[in-house]
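# Structural description and commentary
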Protein chains: 2
Amino acid sequence: MEFPKENFSEWYNEVIEASGLVDKRYPVKGMHVWLPYGWQLMRNIDEYFRRVFTEHGHQEVYFPLLIPETEFKKEAEHIAGFENEVYWVTHGGLTPLDVKLVVRPTSETAMYPMFSLWIRSHADLPLRIFQIVNVFRYETKQTRTFIRVREVHFFESHTAHATAEESEEQIRDNIEIWKKIAEKLALPYLLVRKTDWDKFPGAAYSIGAETIMPSGRTLQIATIHQYFQNFSRAYGIEYLKEDGTHDFVHQTTFGMSERLVGAIVGIHGDDRGLILPPEIAPIQVVIVPIVTKKKEDVLEEARKIEEELRGFFRVHLDDRDNYTPGYKFYDWELKGVPLRLEIGPRDMERGQVVLVRRDTREKLSVKREEYIDKISELLQSIQRDMRDRAEKEMMSRIKRVESIEEIKENGEVSMVYWCGSEECGHRIEDDTEKKIIGISLENHELGKCIVCGRETDKMVYIAKPY
Amino acid sequence: MEFPKENFSEWYNEVIEASGLVDKRYPVKGMHVWLPYGWQLMRNIDEYFRRVFTEHGHQEVYFPLLIPETEFKKEAEHIAGFENEVYWVTHGGLTPLDVKLVVRPTSETAMYPMFSLWIRSHADLPLRIFQIVNVFRYETKQTRTFIRVREVHFFESHTAHATAEESEEQIRDNIEIWKKIAEKLALPYLLVRKTDWDKFPGAAYSIGAETIMPSGRTLQIATIHQYFQNFSRAYGIEYLKEDGTHDFVHQTTFGMSERLVGAIVGIHGDDRGLILPPEIAPIQVVIVPIVTKKKEDVLEEARKIEEELRGFFRVHLDDRDNYTPGYKFYDWELKGVPLRLEIGPRDMERGQVVLVRRDTREKLSVKREEYIDKISELLQSIQRDMRDRAEKEMMSRIKRVESIEEIKENGEVSMVYWCGSEECGHRIEDDTEKKIIGISLENHELGKCIVCGRETDKMVYIAKPY
């Protein structure tokens with residue numbers, strides 16, 4: 001069975017289901033069951049989050065799921081942005097609660113009352129924490145696995161700093177962290193500053209990492225927010241400065257979610273199913289014994305190989321009895337295992353194994369004396385090549401255009417200049433029925449606003465986002 | 001500052017707060033914030049769960065938090081047991097939900113509708129899955145950190161089997177798993193079968209691992225439930241047998257929670273604070289440089305030691321500048337780090353370090369050439385000794401008694417024979433205002449029921465449980 005990727009939406013849904021990442025039949029719309037293979041993939045990503053954020057001076061915590069209405073409503077823009085999409089707990093048993101509880105849609109309003117207790121003086125700063133939790137949004141739009149769901153597996157870091165400058169430094173560090181994560185997941189991205197009407201509710205400004213799916217639509221896969229003192233004023237998070245005066249702290253956050261899995265599925269997969277980046281694949285090497293004859297000998301050798309590789313790679317031996325090697329090839333290709341190792345009687349005679357790359361389907365025979373090094377090299381190449389191919393493909397979906405008409409006609413992503421005024425911005429969005437995805441953080445050249453013709457350095461991407 | 005453990009309840013609350021495990025000031029009663037140190041401890045335990053359950057053939061999954069009322073209400077005993085203590089989500093945004101959602105108090109009713117889709121034939125059995133999630137109970141009794149809270153960090157495994165015999169085999173395997181976990185946490189326990197009126201709602205029978213806290217009250221720290229076909233009938237989990245007929249599957253579960261942390265705190269701690277078992281301590285060895293003179297030299301040496309130990313142990317160098325060594329000793333003793341390594345100018349001259357056990361406060365000097373082996377040995381001794389001391393202490397709190405009067409007077413745990421009849425059982429509980437904690441799984445001797453005098457092999461423990 002093949003999964004033609006041309007019809008992307010259908011392909012996406014089918015591959016997720018067929019490859020065993022999740023089961024979508026859970027009886028609440030927009031909530032799915034993570035199956036062992038999908039959950040292991042998500043957990044590998046989580047573990048990398050833990051590693052990289054710890055290296056960058058963050059500590060992991062856990063804040064409660066339920067937030068009292070009274071705390072939730074302290075920051076005006078924030079509540080306005082979320083109140084239509086939160087789940088409310090109103091009863092404990094048969095008893096109506098005195099104070100209703102919000103099921104966290106994100107954790108600012110759970111954390112910041114505690115920050116105001118924790119932070120007393122400059123010696124308590126900077127504070128850098130993160131948590132990996134599920135958040136909940138009562139989505140009214142069409143749901144789509146990993147991309148728009150009602151229970152979202154979520155990463156959030158929150159920092160507090162003495163000065164605006166230090167919080168800006170943190171934003172830069174967050175971008176460095178993001179670059180490492182994108183590398184690990186082999187995901188290409190555009191770094192943009194969101195428009196004022198599209199920033200996070202309560203933020204001073206928001207930065208998005210946006211990728212482009214094969215459908216030509218953009219997907220926001222990470223967001224970094226600068227709050228400055230917007231929340232600290234609302235939650236009274238003050239500290240004693242060295243000069244004896246008090247000031248409110250400056251805050252930033254960094255959010256990512258299971259959307260990263262959606263991006264990996266959509267961007268790397270092909271007509272045969274998933275292709276997972278070796279760095280985070282639950283299984284890096286699958287061993288398939290070719291057991292047409294001398295069955296026991298081959299199986300024994302396969303087990304020996306599994307043993308030898310175990311210390312170096314995440315390896316799995318498919319020793320299922322009632323499946324042909326051909327069926328197993330198909331199965332592990334669908335699941336996107338980066339490298340397949342075949343061992344048959346002929347290979348044993350020759351003291352070799354056969355290695356097959358999932359991404360290029362290239363096949364090569366390797367001597368047993370050097371196969372650990374070779375596998376290691378191949379996994380590195382696969383990781384690098386996946387990233388390069390995806391980068392090239394993403395860039396090919398971006399077109400520099402000169403008119404509103406061209407934006408409308410472009411099924412993928414348009415690149416134009418925009419003066420930055422709300423008036424021209426809304427005009428672009430209304431006339432094209434698309435969105436300004438954000439202002440490029442990397443462009444420094446000048447151009448003319450596509451609406452008013454004024455000169456500007458704001459180069460923007462315009463597309464239909466997920 | 002000392003924490004006298006004589007007044008256990010007060011000691012327990014103070015030590016948890018002072019040692020930085022959690023912050024109890026979160027503005028919802030019975031929900032607390034896990035601080036980095038406490039969360040790392042919990043996560044180390046979780047990682048061990050993952051390892052041991054995977055070794056025993058279980059796979060990790062994740063099921064949604066919210067359960068439709070319609071699914072929740074399918075098993076009559078189960079719903080009766082839980083309906084007064086679940087949180088209800090009734091609104092999404094401002095919209096009342098068509099079907100109310102339960103915030104999971106445990107996941108039978110989330111999982112089993114999916115089991116009925118997954119399990120088709122005997123080839124799909126056994127099914128063994130687990131998840132590590134938080135569960136929610138609207139506790140009306142007094143809350144107590146880790147022991148009785150409204151948001152509970154929870155482990156649950158669920159299995160399905162073709163025959164009753166195989167599900168009984170799973171129960172025995174669950175007990176084997178539990179023994180490994182208790183070993184890892186250095187926790188002593190009594191294995192008991194719960195009375196019929198105290199079993200899990202919906203279970204055929206329940207087995208509890210019960211430990212005894214220094215207060216003399218028992219704490220249930222693990223439960224293993226045999227459901228047989230109680231849930232599979234309610235949820236239609238049927239499979240095709242090899243003979244072509246259909247049958248309902250037989251199910252078991254195994255649950256544990258953050259109560260394990262409560263037990264570790266309560267059982268192992270002393271007047272100086274926590275004592276954490278080396279196997280799961282976030283920090284196994286803390287290095288404290290003794291920096292009265294030659295500060296830079298000593299710090300450099302301490303860093304070298306940290307580097308050398310890092311590959312072998314979870315190690316932390318306390319290089320804080322404005323604290324005395326004495327303050328640091330106090331601080332890490334409070335946090336329960338099993339082993340302290342001191343390095344000062346004199347130690348450097350002699351090519352040695354000083355090691356201090358947290359549990360016995362024993363101090364010894366060790367040559368640098370052999371210190372890795374020595375630390376390794378010491379951590380093993382600490383783990384073993386903690387377990388042995390705790391076991392001995394627990395056993396000393398159990399008293400064989402002969403009359404209802406003696407049970408009433410005993411401030412700790414009483415051991416008596418009980419014929420097994422509900423009548424005699426309720427009589428014991430009502431007259432003593434205590435509970436039958438359960439029937440010993442290990443006793444095979446005969447005795448006479450303390451109420452009716454009939455001969456029986458049911459030896460029971462009676463106490464006030466948490």
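What this report covers is the structure whose coordinates are included nearby. As the structure is a prediction and not an experimental result, all values here were calculated from the model.

This part takes up the packing of helix H1 (residues 8–18) of chain B against helix H8 (residues 259–268) of chain B. Residues and elements named next belong to chain B. It is at 10 Å that the axes of H1 and H8 come closest, and there the two elements cross at 115 degrees. Taken as a pair, H1 and H8 cross one another with a handedness that is right-handed. Together, Phe8, Trp11, Tyr12 and Ile16 of H1 and Gly262, Val265 and Gly266 of H8 make up the contact between the two elements. Per-class residue counts for the contact of H1 with H8 are five nonpolar, two polar and no charged.

Time to look at the sheet that holds strand E20 (residues 398–400) of chain A. Residues and elements named next belong to chain A. Strand order across the open sheet formed by eleven strands is E3-E7-E8-E14-E11-E10-E9-E22-E25-E21-E20, with mixed pairing between neighbours. Only two strands of the sheet have a single neighbouring strand rather than two, namely strand E3 (59–60) and E20. Pairing of strand E11 (residues 218–228) with strand E14 (residues 250–257) involves five bridges; the strand directions are antiparallel. Looking at E14, one finds that Thr223 is bridged to Gly255. Against the sheet, helix H8 (residues 259–268) engages strand E10 (205–212), E11 and E14, with an angle of about 150 degrees to E11.

Okay, the relation of the copies chain B and chain A next. Rotating chain B by 180 degrees and moving it 0.0 Å along the rotation axis overlays it on chain A with an RMSD of 0.0 Å. Put plainly, the chains are arranged around a two-fold axis. No C-alpha of chain B lies nearer the rotation axis than that of Val89(B), which sits 2.1 Å from it. The share of interface residues of chain B whose copies in chain A are also at the interface is 100%, consistent with both copies meeting through the same surface.

Turning our eyes to something else, we now look at the interface of chain B and chain A. Of the residues lining the interface, 50 residues belong to chain B; the matching set on chain A comes to 50 residues. Summed over both partners, the interface of chain B with chain A comes to about 4300 Å²; 66% of that surface belongs to carbon and sulfur atoms. If you look at where chain B meets chain A, you find three salt bridges. Put simply, chain B and chain A have 25 residue pairs in polar contact (both at pLDDT 80 or more) between them. Counting residues per element, the ones that place at least two in the side of chain B that touches chain A are strand E2 (33–34), helix H2 (36–55), strand E3 (59–60), strand E4 (66–68), strand E5 (87–92), strand E6 (95–103), helix H5 (108–118) and strand E7 (127–136) of chain B. Grouping the constituent residues of the side of chain B that touches chain A by class yields 31 nonpolar, nine polar and ten charged.

Rules used in this analysis
- For every chain, the first residue of its written sequence is number 1, and the numbers climb from 1 along that sequence.
- A letter from A marks each chain and a number from 1 marks each ligand, given out in the order of writing.
- Per-residue local features are limited, in this predicted model, to residues with pLDDT of at least 70; the limit for side-chain atom pairs, both in listing and counting, is 80 or more; totals at the level of whole chains, interfaces and linings are taken over all residues.
- Neither water nor hydrogens contribute to the side-chain values; these are computed over all heavy atoms in the structure.
- Throughout, an axis means a line fitted to C-alpha atoms (over the contacting stretch in the case of helices), and angles, computed between N-to-C directions, take values from 0 to 180 degrees.
- Only DSSP runs of H or I with at least four residues qualify as helices, and only runs of E with at least two residues qualify as strands; both kinds are numbered from the N terminus onward.
- Each crossing is labelled by how the near helix is turned from the far one, with a counterclockwise turn of less than a right angle marking it left-handed and a clockwise turn marking it right-handed.
- Contacts are assigned to residue pairs that have any heavy atoms within 4.5 Å of one another.
- Residues are sorted three ways: Asp, Glu, Lys and Arg are charged, Ala, Val, Leu, Ile, Met, Phe, Trp, Tyr, Cys and Pro are nonpolar, and all the rest, Gly among them, are polar.
- At least two bridges found by DSSP between two strands is the condition for calling them paired.
- Residues reaching a pLDDT of at least 70 in both copies supply the C-alpha atoms on which the copies are superposed by least squares.
- Note on terms: buried area is the combined drop in 1.4 Å-probe accessible area of two parts once they are placed together, counting the loss on both.
- Every case where a carboxyl oxygen of Asp or Glu lies within 4 Å of a side-chain nitrogen of Lys or Arg is listed as a salt bridge.
- Think of a polar contact as two N or O atoms within 3.5 Å of one another; within protein, one of them needs to be a possible hydrogen donor and the other a possible acceptor, and neighboring residues in sequence only count if both atoms come from side chains.

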